[in-house]
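Residues per chain are reported as follows:
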Amino acid sequence: MSTGQVSSFLFTDIEASTRRWEHDPAAMSAALERHDAIVRDAIESNGGSVLKHTGDGVVAVFDRPADALRAAVTIQRGLTGDDVRVRAGLHTGRAEERDGDYFGPTLNRAARIMGLGRGGHVLLSGAAAAAIADDLPGEVTLLDLGDHLLKGFEHAERIHQATGDGLTTDRAVEARAAGTTRGGRTSFVGRESELSTIGRLLDDERCVTVTGVGGCGKTRLALEAAQRTAGRYRDGVVIVELAPLADPAAVPRAVADAVAMPIVATSVTRDLTIFLRDRECLVVLDNCEHLLDACAELVDELIEACPEITVLATSREPLGLDDERVWRAPSLSLPGDDDRDPLDCEAVALFTARAATARAGFVTAEHRDAVVAICRGLDGLPLAIELAAARTSHLTPEQIAAMLDDRFRLLTGGARRARQRQQTLQAAMDWSHDLLSGDDRRLLRRASVFAGGWTLDAAVAVCGEGDPVAVIDGLGSLVAKSLVVAEETDTSMRYRMLETVRLYAQDRLVEAGEAELLRDHHRDWLIRHVEAVWDEHGDRAISAVGAEAERELENIRTALDWSDEHGRGDLVVRLISLTWPMWYFSLRSTEALTWLERHATTVEPGLATAEQVELRIARGFLLQESMNGSEIVRCGDEALALDPDGAASPLTGLGWFLRLMVPVYLDPAGAVRTAREALAWTARHSSGDVTDFVVGYSANAFVSDGRWEEARDLLRELAARDDADELLSKQYVAITVATVSLLLGDHQDAVDRTVALAASLPPAPGRHIDTVSYSFLAIARAAAGDVVASRDALATAVACVRRRYSHIRGSWGIPITAVGVILAIEGRDEEALRLLVAVGAHGRMWHARQEMVFVMHREYSRMIAQRLGDEATAAAWREGEAMTVEQLQEAVAALVAGG
C-alpha cells in the first residue's frame, strides 16, 4: 500500500488481562497462545497484515473494510467459550506509512473506538460502517449507537456495533442521561482559552487540579469543561460537591453517593476502587480545599486501582500528589490588558451579561468609565463581578464604583496579612453583605446552616421566626443578588448557596452569636419535618418517608453530627428511628446502624414505649445488611413484647416481619406457623404498609415451605391494590408471584410479570431489586424456551451488579444462582449444580438476602440432585465447593456470551 492510501485498521485488546496475569499467569499464558493463533489466522485469512502487538492485543491493516470486519467477527466467534474476552475497534481512513508502520489520527481514532467496547464487542466508525454497508459478512448486522466524542478528538464519531451469531448482544455504549454534568443556570461568558487548556490537560493527565482563590471561577470552569468533554468518557461524568462536608471521612461516602454506589461496609474507599475499576469516567471533585488530605488519599487510590478514571479537582490549594497536574485558574481578562477597546474583555463581558439580567435595557457604553473601574478594582474575579453587576438593579455603576473604591482602600492596607486576592474577595463579599438590608443579612447567615439545600418551608421554620412572607421576600432578594441559587424540582423550588457564599455566611452567623441556636433549630426542624411526613401519609408512609429523607440526606447527616458533638444522643437515636426507611432501601444501613449503636444503649431507658418499639423496628431493618439473623429476630420479639396489641405504635406489626426473617431460610414449617400468627395479629391490630409488609413476607414463608398456591392466593389481592406500597406491591410481590408461577410451571405468567416489573423500575432502585428483576426475567425466558431473550436479560442483570453492587459480594449470588437455574432448565445438570453449590459455599455471596432467589436455588438444587442420582450429585458437590469467586463470575460471563 502506498503512503496516503485509504486503509482500514483493526485494533483488538483482551479485557481485564492485567488481573488475569496476576491471578493465574500460567493459565493466562496458555490462553494467550491460543488467542494469538486465532487472531493471526483470522487476520491473515481475510487479507490483512498484523502491524504490531500492543500488550495483549494487536493492530492490523486491511485494504478493504469488509475484510477487517470479517476478521473481527471471526476472532470473536473463534474465541467463544474461551476464558479470554476480546474487544475490537475498526476505522477506515488515511494514514501515513513509514518503515512498514502507520501513523496518524486514523489509528488513534480506531484505538479510541475499541476503547468504548467491552469483551465480545466489535465496534466500527461511521466511515467504516458506510464503506461496508453493501458487503456485510453473513448473519451480521450493524447497530447504530449514535454519536460519541472520543477522548482527544474535538468532533464526535458515529459508532456502530456488529451484532449477529457469536457476537455479544449487550449494547457497548448507551445515552449518557445518568452521566450528565451540572451546568450553571446563567450563561457561560468567555474563558475559551482556559477551557481549551483544561480539555488538553484531561487528554494527557489522570488528575488535573484547578486551583485559585475563592471566587475566581474554579467551579464554573470545571463544570463547563466537564460538560464539553463528557462525550469522551464511556461512562460519562460524575460531579461530587464537597462543600457541604466537614468530616474528612465523609469524602469517600460523597463519591459513593455521586456514583450511586450503595454503602454497606466501613471501608468505602476499598469498595469504590472495586466499583469503579472497569469504568471510564471523569470524576469532578469540587471544593477540596478544606479536606485536602482526605481528597488526596482517595484520588491516589482511585488512580492507582482504576486505570480509566480521570479526576478533575477544584481547590484553593493543590492536593499534593506526585501524579497531579496543577493548573491555576487566572482572573478574567481586564480592560487595558491589550490594545483593544477597554470594553472588549472578559471581565466587562461578564459584568454586562449579568447587569443586563439585573436591569432590563442596561447599556454598558453609557457607564463606560465606571464599569471599567469596577472590573479593574475587583481584579477580574468572576464572583465579585457577578455580585457587583447584580447591584445594578438598584444602584448605578457610578455609585457601585465609588463604594467599591472606598472599601478596597480599607482592605488592602498593611494591617491585613492575607494574600492580596483573598483580600479582594473578602472585600467583595463584605461589600455585598453591607448592601443587604438587616432582614436579608439575617436570612443569609441563618440559611447557611443548611447542607445540600433547603425548601421555602424549611427556611420559614429554621430562619424566619414563623413569618413566611418575610422569608419569601428575603429569598427573592438573595436570589436576585446571586447569593442564593434557586432550582426547580419535581415538587417545589429548592435553594442552595454557592460554597464561598455559604462559608462567608457561616462566619457571619458565628459573629452574630447565633450559630448554636440556629443549628439546634435546624436539627429540631428536621425531626419535626420527618415526623410530619409520617403523620401526613398515615399508614402508607414508609416509602414517602424514604423518599423525603433521601432529599434531605445531607441535612440529616449534618444534624446527626451536630447532635453527636453536643451530647444529644437521644436526638441521634430519634432521627435514625424516624428515617430508617431511607437508610434501609438505599443500602446505607451500615452508616445508620453505626450511629444507632453508638447511642441506643444509653438512650433507651428514657424513651417512651412507642419510641422503644420504633427503635427496635429501625434496628431490625438496619441489621439486615449484616445478616445478623438472631439479632433481627430479637428486635421483632422485643417490639411485640413491648406493645403486644399494637396500641403504642402503628409500626409494631413490623415486628412480625422481623420475626420471620430467619425461619423463612432455616425453618420453613416454623415460618408458616409464625406467618399464620402474624396474619391473624395484623388483621386485628395493623393496617396499610405494615399489614402489606407482613402479608408479603408471610407469602415468602408459604413459598419456602412449598405451599405455592396458598402463597399466590395470599398475594393476588395485595398485587391488585392501587394504594399498596410501591416497592412492595410493584416489585417484591411481583417477584414472589413470578417465583410461584415458575415453580408451578406457568412460564408465560412469570414472563409477563417480570417483563412488567423490569419496565417499571426507577433509575436507581433499592435493595438489588434491579438485579433480581432481570435475573428472574432471564430464568422465566429460559423456562419459556426463548434462549436469546434469556441471555439478554441475564446480561442486563450482570450489568446491574457491575454498575451498582460490584463491591458487594452477595450481589453476585443473584445472577450466579440465575445461571445455575437456567443451566438446569436447559438440561446441563452437572454444571448447574456446581454453580448452585458454590454460591452456598461462599457465605457472603448468599443472594444478598433475597428470599425468592434462595427458594429458586433450593428447589432447583433438589430437582437436579434427584435427576443426577447420588454419585453424580456428590461429584458435582465436591467440584462446586472448590470453585473460586472468579470462576463463578466467569461462568456467568460465559453464559451471557452464549456459552
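Below is a summary of the structure that appears in this document.

Definitions and limits used
Residues numbered from 1 in each chain as written. Predicted model: local features only at pLDDT ≥ 70, side-chain atom pairs only at ≥ 80, totals over all residues. Heavy atoms only, no water. Helix = DSSP H or I, 4+ residues; strand = E, 2+ residues; numbered from the N terminus. Contact = heavy atoms within 4.5 Å. Areas by Shrake-Rupley, 256 points an atom, 1.4 Å probe, with all protein chains shown as cover. Salt bridge = Lys/Arg side-chain N within 4 Å of Asp/Glu carboxyl O. Buried < 20%, exposed > 50% of the residue type's maximum accessible area, 1.4 Å probe, protein only. Right-handed = clockwise from strand over helix to strand, strands pointing away. Pairing = 2+ DSSP bridges. Axes fitted to C-alpha atoms, helices over the stretch in contact; angles between N-to-C directions. Core = buried A, V, L, I, M, F, W, Y, C linked by side-chain atoms within 4.5 Å. Expected span 1.5 Å × (residues − 1). Phe/Tyr/Trp six-rings, centres within 6.5 Å; stacked < 30°, edge-to-face > 60°. Lys NZ or Arg CZ within 6 Å of the ring centre and 35° of its normal. Patch = residues over 30% accessible without salt bridge, like charges linked within 9 Å, V, L, I, M, F, W, Y side chains within 5 Å. Lys, Arg positive; Asp, Glu negative; His and termini not counted. Charge placed at Lys NZ, Arg CZ, Asp CG, Glu CD.

**Observations concerning the overall build of the chain**
Logical step 1: Regarding its fold elements, the chain presents 39 helices and 16 strands.
Logical step 2: Within the chain, residue pairs in contact and separated by at least 24 positions form 73% of the contacts whose partners lie at least 6 positions apart.
Logical step 3: Carbon together with sulfur atoms contributes 49% to the accessible area of the chain, which is approximately 35800 Å² in total.

**Some details on the pattern of salt bridges**
Between side chains of opposite charge, a pair can form as their charged atoms come close.
Logical step 1: On inspection of all chains with the given rule, the structure shows 57 salt bridges.
Logical step 2: We note a salt bridge from Glu550 to Arg588, for which the minimum N-O separation is 2.8 Å. Note that Glu550 is positioned in helix H21 (residues 542–551) and Arg588 in the loop between helix H23 (569–585) and helix H24 (589–603), a separation of 38 residues in sequence.
Logical step 3: Residue Arg588 is classed as buried on the basis of its relative accessible area, which comes to 8%.
Logical step 4: Ionic pairing is found between Arg707 and Asp705, a salt bridge with its closest N-O pair at 2.8 Å.
Logical step 5: Owing to a relative accessible area of 35%, Arg707 belongs among the partly exposed residues under this scheme.
Logical step 6: Overall, the relative accessible area of 26% leaves Asp705 in the partly exposed class.

**Here we look at the pairing of strand E13 (residues 309–315)**
Logical step 1: Across the 7 residues of E13, 7 count as buried, placing the element largely inside the fold.
Logical step 2: The alternating pattern of E13 places Ile309, Val311, Ala313 and Ser315 and Thr310, Leu312 and Thr314 on opposite faces, both of which are buried.
Logical step 3: Of the crossover connections in this fold, the one passing from strand E12 (residues 281–286) over helix H10 (residues 292–305) to the parallel E13 is right-handed.

**What about the sheet that holds strand E10 (residues 207–211)?**
Logical step 1: What the 5 strands build is an open sheet, ordered E11-E12-E13-E10-E14; its pairing is parallel. Only two strands of the sheet have a single partner each, and these edge strands are strand E11 (237–241) and strand E14 (324–328). Pairs of neighbouring strands in the sheet enclose a mean axial angle of 20°, with direction left out of account.
Logical step 2: Pairing of E12 with E13 involves 5 bridges; the strand directions are parallel. Looking at the pairing, Leu282 lines up with Thr310 of E13.
Logical step 3: Helix-sheet contacts for helix H8 (residues 250–258) involve E11 and E12, and the interaxial angle to E11 is about 140°.

**Concerning the environment of Gly190**
Logical step 1: Within the fold, Gly190 resides in the loop between strand E9 (157–164) and helix H6 (192–204).
Logical step 2: For Gly190, a relative accessible area of 27% translates into the label partly exposed.
Logical step 3: Sequence separation of Gly190 and Cys345 is 155 residues, and the distance between their C-alpha atoms is 8.6 Å.

**Considerations on the nonpolar core**
Logical step 1: In this structure, Phe450, Trp454, Trp534, Trp580, Trp583 and Leu654 are the most contacted members of the largest nonpolar core, which totals 151 residues.
Logical step 2: In terms of residues, this core owes the most to one element, H23, which gives 11 residues.
Logical step 3: Those residues in contact with Phe450, other than ones at most four positions away along the chain, are Ala458, Ala459, Val462, Cys463, Arg502, His522, Trp525 and Asn555.
Logical step 4: In this structure, Leu195, Val208, Ala389 and Ala401 belong to the second largest nonpolar core, which totals 46 residues.

**Thoughts on the sheet that holds strand E4 (residues 86–94)**
Logical step 1: Read from one edge to the other, the open sheet built from 7 strands follows the order E2-E3-E1-E4-E7-E9-E8, with strand pairing classed as mixed. With partners counted over all chains shown, the strands left at the sheet margins are strand E2 (49–54) and strand E8 (140–148), one partner each. The sheet shows a mean angle of 25° between the axes of neighbouring strands, direction not considered.
Logical step 2: Strand direction decides the pairing type here: strand E1 (residues 6–14) and strand E3 (residues 57–62), joined by 4 bridges, are antiparallel.

**Section: helix H37 (residues 851–868)**
Logical step 1: With 18 residues, H37 extends 26 Å between its outermost C-alpha atoms, agreeing within 8% with the 26 Å of an ideal straight helix rising 1.5 Å per residue.
Logical step 2: Among the 18 residues in H37, 13 count as buried, and that is most of the element.
Logical step 3: In the segment just after H37, Gly869 is the residue with positive phi, at about 90°.

**What to know about the packing of aromatic side chains**
Logical step 1: Applying the stated criterion to the full structure yields 13 aromatic pairs.
Logical step 2: An angle of 90° between the planes, with centres 5.0 Å apart, marks the rings of Tyr584 and Phe621 as edge-to-face. Of this pair, Tyr584 sits in helix H23 while Phe621 is found in helix H25 (residues 609–622), placing the two residues 37 residues apart along the sequence.
Logical step 3: For Tyr584, a relative accessible area of 7% gives the class buried.
Logical step 4: Under the relative-accessibility criterion, Phe621 is labelled buried at 0%.
Logical step 5: Residues Phe621 and Phe657 carry aromatic rings whose centres are separated by 5.1 Å and whose planes lie at 20° to one another, so their mutual orientation is stacked. Of this pair, Phe621 sits in helix H25 while Phe657 sits in helix H27 (residues 654–666), and the two are 36 residues apart along the sequence. In this pair, the class of Phe621 matches that of Phe657, namely buried.
Logical step 6: Aromatic ring contacts, followed pair by pair, group Trp580, Tyr584, Phe585, Phe621, Phe657, Phe693 and Tyr697 into a single cluster.
Logical step 7: The ring centre of Tyr504 lies 4.3 Å from the NZ or CZ of Arg508, which sits over that ring.
Logical step 8: Here Arg659 stacks its cationic end above the ring of Trp656, 4.7 Å away from the centre of that ring.

**Describing unusual backbone geometry**
Logical step 1: A positive phi angle, near 60°, is found at Ala260, a position not held by glycine.
Logical step 2: Residue placement: Ala260 occurs in the loop between H8 and helix H9 (268–275).
Logical step 3: A relative accessible area of 34% places Ala260 in the partly exposed class.

**Description of a negative patch on the surface**
Logical step 1: A surface patch of like charges, here negative, comprises Asp293, Glu297, Asp300, Glu301, Glu304, Asp322 and Asp323.
Logical step 2: Within the secondary structure, Glu301 sits in helix H10.
Logical step 3: Accessibility expressed as a relative area gives 34% for Glu301, which makes it partly exposed.

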